[in-house]
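Each chain, written out:
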Amino acid sequence: MPAPRELVVDEAKVKKAVQSGIPLTVTTFTLPHEIEMYIEQVIAVFLKQVDQEKLKDYIVYCVQELAVNAKKANTKRVYFIEGPGPCQS
């Protein structure tokens, strides 16, 4: 099995987003470790641009909690909406 490729943050795009005041988005349909690390890197680059690097650990923790909770909520939604249905005897 090939090793997962490392995602590289495009610092120029993050800088442009900061300067323009536009939101940064990361779209993914799964949450593997590589995506979590990529999001952490994006946050680090963003905070460096706004000179708030000291907030990195706090923001990364909050974003990871939100992502994991969203993943669990989506899994439950799929299970209960598309799941096995009511038990029948």
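Look up a bit, the structure's there.
Residues numbered from 1 in each chain as written. Predicted model: local features only at pLDDT ≥ 70, side-chain atom pairs only at ≥ 80, totals over all residues. Heavy atoms only, no water.

**Q** Report on the overall build of the protein chain, specifying residues and quantitative values.
**A** Helix and strand counts for the protein chain come out as three helices and zero strands. Walking the protein chain from its N terminus toward its C terminus, one meets helices and strands in the order α-α-α. Taking all 89 residues of the protein chain together, 13% fall into the buried category. Sequence separation of at least 24 residues holds for 60% of the intrachain contacts in the protein chain that already meet a minimum separation of 6. Entry remark: accessible area of the protein chain is about 7,600 Å², with carbon and sulfur atoms responsible for 58%. (Helix = DSSP H or I, 4+ residues; strand = E, 2+ residues; numbered from the N terminus. Buried < 20%, exposed > 50% of the residue type's maximum accessible area, 1.4 Å probe, protein only. Contact = heavy atoms within 4.5 Å. Areas by Shrake-Rupley, 256 points an atom, 1.4 Å probe, with all protein chains shown as cover.)

**Q** Provide a residue-level description of the packing of helix H1 (residues 11–20) against helix H2 (residues 33–49), including the pertinent values.
**A** It is at 9 Å that the axes of H1 and H2 come closest, and there the two elements cross at 50°. Between H1 and H2, the angle falls in the class oblique. Here the hand of the crossing between H1 and H2 comes out right-handed. Here Glu11, Val14, Lys15 and Val18 of H1 lie close against H2, whose contacting residues are Val45, Phe46 and Gln49. Per-class residue counts for the contact of H1 with H2 are four nonpolar, one polar and two charged. (Axes fitted to C-alpha atoms, helices over the stretch in contact; angles between N-to-C directions. Parallel < 35°, antiparallel > 145°, perpendicular 65-115°, else oblique. Left-handed = near helix turned anticlockwise from the far one by under 90°. Nonpolar A, V, L, I, M, F, W, Y, C, P; charged D, E, K, R; others polar.)

**Q** Give me the lowdown on the packing of aromatic side chains, citing residues and values where you can.
**A** In total, this model carries one aromatic pair according to the counting rule given. Judged by centre distance (5.0 Å) and plane angle (85°), the rings of tyrosine 79 and phenylalanine 80 are edge-to-face. Accessibility expressed as a relative area gives 48% for tyrosine 79, which makes it partly exposed. Phenylalanine 80 gets classed as exposed once you look at its relative accessible area, which sits at 67%. (Phe/Tyr/Trp six-rings, centres within 6.5 Å; stacked < 30°, edge-to-face > 60°.)

**Q** Break down the nonpolar core for me, with residues and values.
**A** Core analysis: the largest hydrophobic core is formed by six residues, namely Leu31, Ile35, Ile39, Ile43, Leu47 and Val60. Residue contributions to this core peak at four residues, all from H2. (Core = buried A, V, L, I, M, F, W, Y, C linked by side-chain atoms within 4.5 Å.)

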